[in-house]
Amino acid sequence: NALPDPNMAEFYPSGRASNEAAFLFQLFVRAYGTNNFPDCSNMCHEATSVGLAQVIGLGKASVTLEDFDHADAIFSIGHNPGTNHPRMMATLREVSKRGAPIVVFNPLKERALERFASPQSPVEMATLTSTPIASNYLQLKIGGDIAALKGVMKAVIALDDADLAAGGDGVLDREFLAEHTIGIENMIADLRACPWEEIEAASGLMRAQLEHAGQIYAKARSVIVCYGMGVTQHSQGTAAVQQISNLLLLRGNYGRPGAGICPLRGHSNVQGDRTVGIDEKAPAHLCEGIRRVYGFEPPVAHGHDAVAAMQAMAEGRSKVMVCLGGNLAVAMSDPARSFAAVRGLDLAVHVATKLNRSHLLLAKENILLPCLGRTELDMQASGPQSVTVEDTMSMVHASTGKLPPPSEHVRSEPWIVASLARAVLGDRFAIPWQAYADDYSLIRDAIAQVLPAFHDYNERIRTPGGFRLPVGPSERLWKTPSGKAEFRVFAGLHAEAANPDPEVLTLTTLRSHDQYNTTIYGLDDRYRGVFGRRDVIFMNPDDLAARGLVTGDVVDVSSAVSDAVLAGYSVVSYNIPRGCAAAYYPEANVLIPLSRHDKTSGTPSYKSVPVRISRSPAAA
Ligand SMILES: Nc1nc2c(c(=O)[nH]1)N[C@H]1C(S)=C(S)[C@@H](COP(=O)(O)OP(=O)(O)OC[C@H]3O[C@@H](n4cnc5c(=O)[nH]c(N)nc54)[C@H](O)[C@@H]3O)O[C@H]1N2
Ligand SMILES: Nc1nc2c(c(=O)[nH]1)N[C@H]1C(S)=C(S)[C@@H](COP(=O)(O)OP(=O)(O)OC[C@H]3O[C@@H](n4cnc5c(=O)[nH]c(N)nc54)[C@H](O)[C@@H]3O)O[C@H]1N2
Ligand SMILES: [Mo]
């Protein structure tokens, strides 16, 4: 309250908060007077939220889990489900077993995408066998996704031309295109004008490989594209996501069984937090709901996303940070700058289940509030409480913690947020904070009042599995300005501007098997064959040979765009295209300046970092 301007405070939720906690958090912050919501989705699937909203009217998956049973082909782009979405592997295994092709686009050979041994299969476990997953494994260059997708689309257009010339009906879904889309003419013109040699150079793939992928796509009646951080975390991440949508639109692969787009989310409720109002650009329907239900005028000016918040703190324009979970300073690019930014604050508040490095960056005043985890019993005045989350497929369901809390003094997230709000706001706008903390079903009633998509919220979560929020594209309803699904032309081919210096490699940053984001559980990365350490950089054997290096040699990895260095890393020869390299997140974040991010979505370019490699002087 002592701040001269509410816009000098930043409010970060990390995507673990339940719908109930997140809704209270955004209500508190908006009643306080700002839209400064740096959010972990800003570092994750923001290119999806922004990019898909522009072209299909909703930044979420259009598919359900059942759709995978009906897909005739799956395209899997830039994600590593063996480690990060293990439940997805059972689904992909089933798809492969029934003979549907799975086309993978990934610079690294990820073992679980090549073959997968199911822990649920007694035969595979007993006989040490496995099921092949990818039918086609396309090892594109890092940042080559836009070019590769354009290549596949160019091939599909050529197939369509040939079929029409032979007297057929073509391979495009012309009825769908006419009724549901705009902009295909410009896109086809752009594809026709784009030479194959340039597509090959930018993607690192051969024309024949892309044409084959185009044939698989055109032959399959229904296609699902799954994708992850390999697509979104580039300077042109939004454009890359939109190329995926373009490809799906060509054959009407939205809104029918077995077809659609499937961005795989990270944190358990990162999607739900956004739905219930964590958004630095306050959506009009949310503001209308808040006005109607609470009778106050929420701030409408755009607030800070994660990068903008960190920049504001670094420059002293923001003086307070309140974190509902997460490890923001470590997850963000350029930790040297982020650490200093947090240390320069007047007040840092963390609500957390576990201690982490961000908590140790001391501002002038620091408050650390331990909270219950979702598996722990949450007892309030009206009895034991349940909370709800929304998954990638827009299913909202409830869970109830059962484990005894670590101490009677540890409070729940909704209780803490409601109590903070009461302490800061008093009875401003007469929001019933205490009643909300006592009984979470009242929070759900409030959510349903503000956001009508949640009507009969308390009733509908009693159904096992919960309920699905409306997903326009899965019913071929497009909430875009044109009312249609839009083809978006991207004039270039690169997800990141290419660096002409042949000495410079493009480094991508990855999760190992034994980590959950910034929490490192162990030092093994079993599918990639790395054990007992994380200070390694994966490189192509020819790139190693060109530098006179062999596996195990110690090098310094220097950023080609700042003076940051990761010293004393060991090189590992790996199946990755020439000119590309990979290292683990978050350690490699030092190499990424805060200024390198997708200007459309704000997502940092974690996956295309220009670096130089030199033999470590310390080792010489
Ligand atoms: N066990 C575990 N599970 C997790 C997490 C975790 O840390 N640990 N984190 C959670 C979170 S928040 C998220 S967002 C998800 C992340 O899940 P993923 O999206 O799988 O995340 P990454 O490990 O970053 O892996 C990205 C994949 O993209 C590939 N890749 C890198 N650069 C490129 C590129 O330029 N193009 C293409 N096509 N591919 C590229 C990499 O080789 C790698 O296979 O996982 C969630 N689940
Ligand atoms: N270089 C590089 N950087 C990246 C990425 C990358 O691929 N490469 N990925 C980005 C992505 S996709 C993401 S999502 C971000 C992750 O960024 P964050 O979400 O900020 O990081 P986490 O490591 O998931 O945060 C873990 C902490 O959250 C707290 N926590 C866990 N569960 C709960 C809970 O239920 N309640 C509360 N209150 N606290 C809890 C604990 O204190 C724990 O230490 O990192 C991003 N940074
Ligand atoms: Mo994420």
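Rules behind the numbers
Numbering of residues begins from 1 in every chain and follows the order in which that chain's sequence is written. As a convention, the first chain written is A and the first ligand written is 1, with the rest following in written order. Where local features are concerned, this predicted model is filtered to residues with pLDDT of at least 70; where side-chain atom pairs are given and counted, the filter is 80 or more; whole-chain, interface and lining totals use all residues. The side-chain numbers reported here are obtained from all heavy atoms of the structure, hydrogens and water having been left aside. We define a salt bridge as a contact between a side-chain nitrogen of Lys or Arg and a carboxyl oxygen of Asp or Glu at a distance within 4 Å. Numbering of helices and strands runs from the N terminus, with a helix taken as a DSSP run of H or I at least four residues long and a strand as a DSSP run of E at least two residues long. In this scheme, a residue with accessible area under 20% of its type's maximum is buried, one over 50% is exposed, and one in between is partly exposed, where area comes from a 1.4 Å probe on protein chains only. By nonpolar core is meant a set of buried Ala, Val, Leu, Ile, Met, Phe, Trp, Tyr and Cys residues that side-chain atoms within 4.5 Å join together. Residues count as neighbours in contact if any of their non-hydrogen atoms are within 4.5 Å of one another. Any two strands between which DSSP finds at least two bridges are classified as paired. Whether a residue is near a molecule or strand depends on its heavy atoms: if one lies within 4 Å, it is near. Under this definition, polar contacts are N or O atom pairs within 3.5 Å; protein pairs additionally need one hydrogen-donor-capable and one acceptor-capable atom, and for neighbouring residues in sequence, both atoms have to be side-chain atoms. Note on areas: Shrake-Rupley with a 1.4 Å probe; residue coverage comes only from the protein chains shown. For this classification, Asp, Glu, Lys and Arg are treated as charged, while Ala, Val, Leu, Ile, Met, Phe, Trp, Tyr, Cys and Pro are nonpolar and the rest, including Gly, are polar. Two rings belonging to Phe, Tyr or Trp (six-membered ring only in the last case) form a pair when the distance between their centres is within 6.5 Å. Interplanar angles under 30 degrees mark stacking, angles over 60 mark edge-to-face geometry, and anything in between is tilted.

Asks: Looking at this structure, how should I read the pattern of salt bridges?
Replies: Once their charged atoms are close, side chains differing in charge can pair, the charge on each being opposite to the other. Counting across every chain of the model gives 27 salt bridges. Ionic pairing is found between R444 and E20, a salt bridge with its closest N-O pair at 2.8 Å. Note that R444 is positioned in helix 22 (residues 440–450) and E20 in helix 1 (residues 19–32), a separation of 424 residues in sequence. Among the residues examined, E20 registers a relative accessible area of 0% and is labelled buried. One salt bridge in this structure joins D553 and R615, with 3.5 Å as the shortest N-O distance.

Asks: Can you walk me through the nonpolar core in this structure?
Replies: The nonpolar side chains of a soluble globular protein tend to be buried with one another. Formed by 59 residues in total, the largest nonpolar core has its most connected members in F75, F105, L172, I244 and L250. By residue number, the principal contributor to this core is helix 8 (residues 145–165), which donates nine residues. Ignoring anything within four residues of it in the chain, the contact list for L250 reads M153, V156, I157, L172, D173, L177, I184, M187, Y217 and F487. Judged by nonpolar contacts, the second largest core, of 51 residues, contains A418, A421, I431 and I443.

Asks: Mind showing me how you'd approach the sheet that holds strand 17 (residues 467–468) here?
Replies: What the three strands build is an open sheet, ordered 15-16-17; its pairing is antiparallel. Of all strands in the sheet, those with a lone pairing partner are strand 15 (387–390) and strand 17, marking the two edges. With four bridges joining them, strand 15 and strand 16 (residues 395–399) adopt antiparallel strand pairing. Residue pairing across strands places V387 opposite S399, the latter belonging to strand 16.

Asks: Is there a simple way to explain the site of ligand 1 in this structure?
Replies: Near ligand 1 you find 30 residues, and of these N80, E110, D145, Q515 and N517 are the closest. Separating an oxygen atom of ligand 1 from a backbone N or O atom of N80 is a distance of 2.7 Å. Between ligand 1 and the protein, one listed contact pairs an oxygen atom with a side-chain N or O atom of H234 at 3.0 Å. Alone, ligand 1 offers 930 Å² of accessible surface; in the complex the protein occludes 96% of this. The class makeup of the residues in the shell around ligand 1 is ten nonpolar, 16 polar and four charged.

Asks: Honestly, the packing of aromatic side chains in this entry has me stumped. Any pointers?
Replies: What describes a pair of aromatic rings is the distance from one ring centre to the other and the angle between the planes of the rings. In the structure shown here, the tally under the stated rule is 14 aromatic pairs. Both rings, one in F11 and one in Y32, keep their centres 6.0 Å apart while their planes meet at 70°; by these two values the pair is edge-to-face. With F11 in strand 1 (residues 9–13) and Y32 in helix 1, this pair connects stretches of sequence that are 21 residues apart. For the residue pair F11 and Y32, the accessibility class agrees, reading buried in each case. Measuring from ring centre to ring centre gives 4.3 Å for F296 and F429, while their planes differ by 10°; the resulting arrangement is stacked. Here F296 is found in the loop between helix 16 (284–294) and helix 17 (306–314), whereas its partner F429 is found in the loop between helix 20 (413–425) and helix 21 (433–438), with 133 residues between them in sequence. Under the relative-accessibility criterion, F429 is labelled partly exposed at 34%.

No statement about biological role is implied by the geometric values presented.
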